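Breakdown of the fold
Chain by chain, the residues run as shown.
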Amino acid sequence: MTDLTSFAESLKSEKCEILINSPMSRHTSFRVGGNADIVAIPENIAALCDVIRKAEDSSLPYMVIGNGSNLLVRDCGLRGLVIKTTGMKDEIKVNGNVVSCSAGTSLTRLCNIALESSLSGLEFAYGIPGTVGGAVFMNAGAYGGEMKDVLSSVTHLTPDGRIETVDASELSLSYRKSFYSENSNYTILSAEFTLCDGNKEDIKLKMDDLMGRRKDKQPLEYPSAGSTFKRPEGYFAGALIEQCNLKGFNIRGAEVSEKHAGFVINKDNADASAILELMEHIKETVKKETGVTLEPEVRIIP
Ligand SMILES: Cc1cc2nc3c(=O)[nH]c(=O)nc-3n(C[C@H](O)[C@H](O)[C@H](O)COP(=O)(O)OP(=O)(O)OC[C@H]3O[C@@H](n4cnc5c(N)ncnc54)[C@H](O)[C@@H]3O)c2cc1C
């Protein structure tokens, strides 16, 4: 394993911001997590590939993240390198009905570009606080739509350093799962979406309506990672948790939201261990009282 300080120095020459011993609470929407040894924030696709190649050459463990909005990083933090894509400024290209962008593009920006171009299909994603890379990895979805419906292809970096473009039909996209969630040593570099011609006012109305519903129903005023658990077949996680009278249940600042029982929130300076304990308590209670096994949707790291 390489010496971390000299490795971090070697990255500084790239088009890449470098942070040393950076708390993951700054890089995740749950606002918890211990320090990462090094956080690299590349400026574009070329810089992202360079950083990964250097980490591979130095046998340094690395993890690529987007906006950290589906991550629960443990209090011990992360050894090696975290590569965060939110600094990527590659241009978003619109060609007829096809929109392509880098992995670090925020879904909000992508949805706004689709709106400006009168292209419909991505409205469901407006308000999901992630990047395109994170959304493809998770096959993010809401209000009846999911990435699978609009994604046409993805360009990725393979573990042996090749850049490949693959058709979305080859990516095993299903409920909150993709080829990438089963093969996390691939890095998503960019994605292409095929949308439909639409009417700008109608697209805007739908986006505003969905954002309004989020604000009404979700505890957006507190740090969280969205829905904590996946929807079990035939049920809704939030309804099961509410049925077990767990709304407002709190462990050291981690709380089952009063507004939406499907969300665990960081109500008052919780750490990751409090959130994990609460998640375990929820799982055990729901299993005991309803017989249903809940599976986390948030990715627990490491
Ligand atoms: C308030 C709130 C509301 C939410 N609502 C929804 C919702 O309606 N629907 C929904 O599906 N989700 C929702 N989420 C969860 C989350 O926003 C999504 O899962 C989102 O797609 C994650 O994107 P991200 O960029 O933050 O990814 P991260 O959380 O940073 O990463 C998620 C996973 O993707 C991997 N990854 C990220 N980028 C890359 C890349 N370029 N290459 C390879 N792997 C990569 C990471 O390693 C990690 O395993 C919500 C979260 C919050 C906080």
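In this text, all values refer to a predicted model and were calculated from it rather than measured experimentally.

**Here's the deal with the environment of Thr187**
Secondary-structure assignment places Thr187 in strand 13 (residues 187-194). Taking the number of C-beta atoms within 10 Å as the measure of exposure, Thr187 has 23 and is therefore buried. It is 24 Å that separates the C-alpha atoms of Thr187 and Ser227, two residues lying 40 residues apart in sequence. Setting aside anything within four residues of it in sequence, one finds Thr187 in contact with Ile52, Val64, His156 and Leu157.

**Topic: the pairing of strand 13**
Of all eight residues making up strand 13, six are buried, and the element is well covered by its neighbours. Pairing between strand 7 (residues 98-102) and strand 13: five bridges, direction antiparallel. When the bridges of strand 13 are listed, Ser102 appears paired with Ser190.

**Points about the environment of Val39**
You can see Val39 is positioned in strand 2 (residues 35-42). C-alpha of Val39 to C-alpha of Ile83: the two residues are 44 residues apart in sequence and 5.8 Å apart in space.

**Here we look at the domain arrangement of the protein**
Assigned domains of the protein: these are domain 1 (7-87), domain 2 (93-217) and domain 3 (237-301). Placing a centre on the C-alpha atoms of domain 1 and another on those of domain 3 gives a separation of 28 Å. Contacts between the two partners involve eleven residues from domain 1 and, on the opposite side, ten residues from domain 3. For the side of domain 1 that touches domain 3, the class distribution of residues is six nonpolar, two polar and three charged.

**Thoughts on the sheet that holds strand 1 (residues 16-23)**
Adjacent strands of a sheet form backbone hydrogen bonds with each other and so pair up, either parallel or antiparallel. One open sheet accounts for four strands, arranged 1-2-5-3; its pairing is mixed. If you trace the sheet from one side to the other, it starts and ends with strand 1 and strand 3 (62-65), each paired once. Strand-to-strand, the axes of this sheet are offset by a mean angle of 25 degrees, without reference to chain direction. Across four bridges, the pairing between strand 2 and strand 5 (residues 78-84) is parallel. Across the sheet, the residue bridging to Val39 is Val82, located in strand 5.

**Some points on unusual backbone geometry**
Looking along the chain, the bond that leaves Ile301 and enters Pro302 is cis, with omega of -10 degrees. Mapped onto the fold, Pro302 is located in the segment after strand 18 (299-301). The phi angle at Ser172 is positive, at roughly 45 degrees, despite the residue not being glycine. With respect to the helices and strands, Ser172 occurs in the loop between strand 12 (163-167) and helix 6 (179-182). Of note, Arg252 is a non-glycine position whose phi angle comes to about 40 degrees, a positive value. Structurally, Arg252 can be placed in the loop between strand 15 (250-251) and strand 16 (254-256). Overall, Arg252 belongs to the partly exposed group, with 15 C-beta atoms counted inside 10 Å.

Rules used in this analysis
Residues numbered from 1 in each chain as written. Predicted model: local features only at pLDDT ≥ 70, side-chain atom pairs only at ≥ 80, totals over all residues. Helix = DSSP H or I, 4+ residues; strand = E, 2+ residues; numbered from the N terminus. Buried ≥ 20, exposed ≤ 12 C-beta atoms within 10 Å, placed from the backbone. Contact = placed C-beta atoms within 7 Å. Pairing = 2+ DSSP bridges. Domains from an automatic or database assignment. Nonpolar A, V, L, I, M, F, W, Y, C, P; charged D, E, K, R; others polar. Axes fitted to C-alpha atoms, helices over the stretch in contact; angles between N-to-C directions.

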